[in-house]
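# Coordinate analysis (summary)
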Amino acid sequence: MFEYATCWIDGELVPAEKARISVFDHGFLYGDGIFEGVRFYNRKPFRLSRHLKRLGQSAAALRLTLPVSLAALEQAVTQTIAASALDDGYLRILVTRGVGALGINPDSCPKGSAIVIADKLNMISDEQRLQGARTLIAATRRSMPDRLDPRIKSLNYLNNILARMEANFAGVDEAILLNERGCVAEGSAENLFIVKNGELITPAVTEGALSGVTRGTTLELARELGLPAREGVLTPYDLYCADECILTGTGAKLIPVREVDGRPIPCPGPVYRQLAAAFSELVARETA
Ligand SMILES: Cc1ncc(COP(=O)(O)O)c(C=O)c1O
């Protein structure tokens, strides 16, 4: 299980089977903490500065004092990748509220913990990717920014998990979450784009989406390729009638969607193919 995992906890590399946090850490007790998922290729993290920036913003939003600076976390990532046996892999960077008294009061936690894990990520094959994902629209809703703002990448992922359970139970690959107004927010761990009449449209983050690094990269690539791209408001109808639908995320990269609630969507479409090729080229260039 831990064959490929390398862990760094609060300044020390720790053998994966011995990597522990306290049961009194509020990250464990209450989901009071934040995280990032980052891919590395050729031993170089892809767009790490954007992930660290988002981590800093999640911390600010939760008034969570980082136990180490973002620069020190960057060094921890370098150290963890250097200690890993993997050339390509996935990093999980976490910051927890830290050890405190029972009870949710964050002020009882004097210092948080910072953790970096490097490991393999079980990915879908290129063949499966091209077949596309079957999806459903989950009954579980994503909260709007006036509740728990989905831009905070917190350790509380239960509504995403409940949505993914709905997908698993129905035997499809992924769930799409709507916000409280019934408009499309995102996938359970990916952002979502549709293509309609040659235009690429993704829900605005204020519709209940994470400000995804891959989403941002996809928007940049679209502009470079001369594809019209914008944020917008999408309803289930827009998904059902889309010319293409694409999920984006660090783990997922770009995955075309072939079905939403039993409605077939052309897949893989020409825009997906263009963007996926451009994304691979960008990753190769930036991690050469
Ligand atoms: C809820 C959610 N939306 C979107 C994404 C995609 O974000 P990114 O491209 O930064 O990985 C993630 C990634 O973990 C996520 O958890």
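Residues numbered from 1 in each chain as written. Predicted model: local features only at pLDDT ≥ 70, side-chain atom pairs only at ≥ 80, totals over all residues.

## Some words on the domain arrangement of the protein chain
The assigned domain composition of the protein chain is domain 1 (6-119) and domain 2 (126-286). The centre of domain 1, based on its C-alpha atoms, is set 26 Å off from the matching centre of domain 2. Contact with domain 1, which involves 20 residues of that partner, is made by 13 residues of domain 2. Contributing elements (two or more residues each) for the side of domain 1 that touches domain 2: strand S3 (33-41) and helix H2 (48-61). Looking at the side of domain 1 that touches domain 2, the element that brings in the most residues is S3, giving eight residues. Its residues placed into classes, the side of domain 1 that touches domain 2 shows eight nonpolar, six polar and six charged. (Domains from an automatic or database assignment. Contact = placed C-beta atoms within 7 Å. Helix = DSSP H or I, 4+ residues; strand = E, 2+ residues; numbered from the N terminus. Nonpolar A, V, L, I, M, F, W, Y, C, P; charged D, E, K, R; others polar.)

## Some details on the pairing of strand S5 (residues 89-96)
Pairing of S3 with S5 involves eight bridges; the strand directions are antiparallel. Within S5, the residue paired with Gly-37 across the bridge is Arg-92. (Pairing = 2+ DSSP bridges.)

## What to know about the packing of helix H6 (residues 213-225) against helix H8 (residues 270-286)
It is the contact of H6 with H8, at a shortest axis distance of 10 Å, that shows an interaxial angle of 110°. Classified by the interaxial angle, the pair formed by H6 and H8 is roughly perpendicular. In this structure, H6 contributes Thr-217, Thr-218, Leu-221, Ala-222 and Leu-225 to the contact, and H8 contributes Gln-274, Leu-275, Ala-278, Phe-279 and Leu-282. (Axes fitted to C-alpha atoms, helices over the stretch in contact; angles between N-to-C directions. Parallel < 35°, antiparallel > 145°, perpendicular 65-115°, else oblique.)

## Looking at the sheet that holds S5
Sheet architecture is open: six strands sit in the order S2-S1-S6-S5-S3-S4, paired in antiparallel fashion. The sheet is open, and its two edges are formed by strand S2 (12-14) and strand S4 (44-45), each paired on a single side. Its contacts with the sheet place H2 against S3, S4 and S5, and it is angled at close to 180° to S3.

## Topic: the site of the ligand
Around the ligand there are 14 residues in total, and Gly-212, Val-213, Thr-214, Gly-249 and Thr-250 lie nearest to it. Of all the secondary structure elements, the ones that give two or more residues to the shell around the ligand are H6 and strand S13 (244-249). The element best represented in the shell around the ligand is H6, accounting for three residues. The residue makeup of the shell around the ligand, split by class, is three nonpolar, eight polar and three charged. (Near = placed C-beta within 6 Å.)

## What about unusual backbone geometry?
Here the residue pair Cys-267 and Pro-268 is connected by a cis peptide bond, since its omega of -10° sits within 30 degrees of zero. With respect to the helices and strands, the residue Pro-268 is situated in the loop between strand S15 (263-264) and H8. If you check the backbone angles, Asp-10 has positive phi at about 45° while not being a glycine. The phi torsion at Asn-42 lies on the positive side, around 55°, for a residue other than glycine.

## Considerations on H2
Quick reminder: α-helices carry 3.6 residues per turn. Residues three or four places apart thus point the same way. The first and last C-alpha atoms of H2 sit 20 Å apart over 14 residues, in line with the 20 Å expected at 1.5 Å per residue. Along H2, the positions that sit buried rather than exposed are Leu-48, His-51, Leu-52, Arg-54, Leu-55 and Ser-58. Viewed end-on, H2 has its buried residues packed into an arc of 160°, placing them on one side of the element. Away from its buried face by more than 90 degrees, H2 exposes Ser-49 and Ala-60. (Expected span 1.5 Å × (residues − 1). Buried ≥ 20, exposed ≤ 12 C-beta atoms within 10 Å, placed from the backbone. Arc of directions from axis to C-beta.)

## Quick look at the packing of H2 against helix H3 (residues 70-83)
At a closest axis distance of 11 Å, the pairing of H2 and H3 adopts a crossing angle of 135°. Viewed along their axes, H2 and H3 adopt a mutual orientation that is oblique. Of the two elements, H2 crosses H3, and the hand of that crossing is right-handed. Contacts between H2 and H3 pair Leu-48, Leu-52 and Gly-56 from the former with Leu-70, Leu-73, Glu-74 and Val-77 from the latter. Partitioning the contact of H2 with H3 into residue classes produces five nonpolar, one polar and one charged. (Left-handed = near helix turned anticlockwise from the far one by under 90°.)

## With respect to the environment of Ala-19
Relative to the assigned elements, Ala-19 resides in the loop between S2 and helix H1 (26-30). Sequence-wise, Ala-19 and Pro-264 are 245 residues apart; in three dimensions their C-alpha atoms are separated by 45 Å. Setting aside residues no more than four positions away along its own chain, Ala-19 makes contact with Cys-7, Ile-9 and Val-14.

## Some thoughts on the pairing of strand S12 (residues 229-232)
Alignment of strand S11 (residues 199-203) against S12, held across four bridges, turns out to be parallel. Each residue of the ladder has a partner; that of Ile-201, found in S12, is Arg-230. As for the winding sense of the linkage, the β-α-β connection from S11 through H6 to S12 is right-handed. (Right-handed = clockwise from strand over helix to strand, strands pointing away.)

## Focus on H6
Taking 1.5 Å of rise per residue, the 13 residues of H6 would be expected to cover 18 Å, and the 18 Å separating its terminal C-alpha atoms lies within 8% of that figure. For H6, the full list of buried residues reads Val-213, Thr-214, Arg-215, Thr-217, Thr-218, Leu-219, Leu-221 and Ala-222. At the exit of H6 stands Gly-226, carrying a positive phi of roughly 75°.

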